[in-house]
Amino acid sequence: MGANLGDRQETFRRAIELLSERVGTVTLQSSLWETAAWGLTDQPNFLNQVLLLSTALQPLEVLAQTQAIEIEMGRVRKEKWGARLLDIDLLYYGSEILDLPQLKVPHPYIPERRFTLAPLAEIAPDFMHPSLNLTQQELLNQCVDNSVVNRI
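Computed from a predicted structure; not experimentally measured.

S.K.: So what exactly am I meant to see when it comes to helix α2 (residues 59-72) here?
M.R.: Residues spaced three or four apart along an α-helix face the same direction, because each turn holds 3.6 residues. In this model, α2 (14 residues) spans 20 Å end to end at C-alpha, consistent with the 20 Å of a helix rising 1.5 Å per residue. The complete set of buried residues in α2 reads Pro59, Val62, Leu63, Thr66, Ile69 and Glu70. Viewed end-on, α2 has its buried residues packed into an arc of 130°, placing them on one side of the element. Those residues of α2 that are buried lie in contact with α1 (8-22), β5 (51-55) and β6 (98-99). Trailing α2 by a residue or two, Gly74 shows a phi angle of about 105°, which is positive.

Written out as structure tokens, the structure reads:
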């Protein structure tokens, strides 16, 4: 999850409640991590958190639920990588690889984003990326993104 507008911690708390109700059981949560914006950099800092959920839903059902939660919580998509109240990305779905027009899993930007890899490596350092055959910790160690990512 990522957010850089509003009460970011409260947004995450509510998003976790809704994900638990609609998607599945939250089994692990990373710390909260703060970083400067990535992509479009002239905007407030982001707060990020990675969750591990256990779900009976299929990937497109998870996507539909996460997008509905974003909208319910006030997300308006204006520009790619722009400021937002809430962004929920599906990073992995177990070891599955999906390449659909509306969903790519694993998320294609994982290896390029320190703000994603730091919390991923915190909760699942040994989880293997299914197509790169590298753990989250190895991906973090190799990441060329030099953004400062602070655990808070």
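S.K.: I tried to follow the sheet that holds strand β1 (residues 2-3) on my own but got confused; where do I start?
M.R.: The strands making up a sheet associate through hydrogen bonds between their backbones, and the pairing can be parallel or antiparallel. The sheet built from four strands is open, its strands ordered β1-β4-β3-β8 with antiparallel pairing. The open sheet is flanked by β1 and β8 (149-151), the only strands paired with a single partner. Both β1 and strand β4 (residues 46-48) contribute to a ladder of two bridges, which runs antiparallel. The partner of Ala3 across the bridge, within β4, is Leu47. Lying on the sheet, α1 is in contact with β1, β3 (33-35) and β4; it crosses β4 at an angle near 35°.

S.K.: What should I look at first to understand the packing of aromatic side chains in this one?
M.R.: Any two aromatic rings considered together are summarised by their centre-to-centre distance and by the angle between their planes. This structure, assessed with the given rule, holds one aromatic pair. Taken together, a centroid distance of 4.9 Å and an interplanar angle of 75° make the contact between Tyr92 and Phe127 edge-to-face. Linking Tyr92 in the loop between α2 and β6 with Phe127 in the loop between α3 (114-123) and α4 (136-142), this pair joins segments that are 35 residues apart in sequence. With a relative accessible area of 12%, Tyr92 lands in the buried category.

S.K.: How do you make sense of the environment of Met1 when you look at a structure like this?
M.R.: With respect to the helices, strands and loops of the structure, Met1 is situated in the segment before β1. Along the chain, Met1 and Ala64 lie 63 residues apart, while their C-alpha atoms are 15 Å from each other. With sequence-adjacent residues up to four places away left out, Met1 is seen in contact with Phe12, Ala15, Ile16, Leu19, Leu47, Asn48, Gln49, Leu51, Leu86, Asp87 and Ile88.

S.K.: I keep staring at the nonpolar core and nothing clicks. Help me out?
M.R.: Note that soluble globular proteins tend to have their nonpolar side chains buried in a common cluster. Met1, Phe12, Leu19, Ile69 and Leu86 are the most contacted members of the largest nonpolar core, which totals 23 residues. Looking at this core, the elements that each hand over two or more residues are α1 and α2. Here this core takes five residues from α1, the largest share from any one element. Once residues within four sequence positions are removed from consideration, Ile69 is found in contact with Leu18, Leu19, Arg22, Leu86 and Ile88. Core analysis: the second largest hydrophobic core is formed by eleven residues, Leu91, Ile110, Leu117 and Leu120 among them.

S.K.: I tried to follow the environment of Gly74 on my own but got confused; where do I start?
M.R.: Note on placement: Gly74 falls in the loop between α2 and β6. Residue classification places Gly74 among the partly exposed residues on the basis of a relative accessible area of 33%.

S.K.: How should α1 be read in this particular structure?
M.R.: Compared with the 21 Å implied by 1.5 Å per residue over 15 residues, the 21 Å span of α1 between its first and last C-alpha is a close match. When α1 is considered as a whole, its buried residues turn out to be Thr11, Phe12, Ala15, Ile16, Leu18 and Leu19. Packed against the buried residues of α1 are β1, β2 (24-29), β4, β5 and α2.

S.K.: Which parts of the structure should I look at to understand the packing of α1 against α2?
M.R.: Packed helix pairs are specified by the crossing angle of their axes together with the interaxial distance, meaning the distance between the axes. Closest axis-to-axis distance for the α1/α2 pair is 10 Å, and the angle between their directions is 145°. The handedness of the crossing between α1 and α2 is right-handed. In this structure, α1 contributes Arg14, Leu18, Leu19 and Arg22 to the contact, and α2 contributes Gln65, Thr66, Ile69 and Glu72. Among the residues forming the contact of α1 with α2, the class breakdown is three nonpolar, two polar and three charged.

Cut-offs applied
Residues numbered from 1 in each chain as written. Predicted model: local features only at pLDDT ≥ 70, side-chain atom pairs only at ≥ 80, totals over all residues. Heavy atoms only, no water. Helix = DSSP H or I, 4+ residues; strand = E, 2+ residues; numbered from the N terminus. Expected span 1.5 Å × (residues − 1). Buried < 20%, exposed > 50% of the residue type's maximum accessible area, 1.4 Å probe, protein only. Arc of directions from axis to C-beta. Contact = heavy atoms within 4.5 Å. Pairing = 2+ DSSP bridges. Axes fitted to C-alpha atoms, helices over the stretch in contact; angles between N-to-C directions. Phe/Tyr/Trp six-rings, centres within 6.5 Å; stacked < 30°, edge-to-face > 60°. Core = buried A, V, L, I, M, F, W, Y, C linked by side-chain atoms within 4.5 Å. Left-handed = near helix turned anticlockwise from the far one by under 90°. Nonpolar A, V, L, I, M, F, W, Y, C, P; charged D, E, K, R; others polar.

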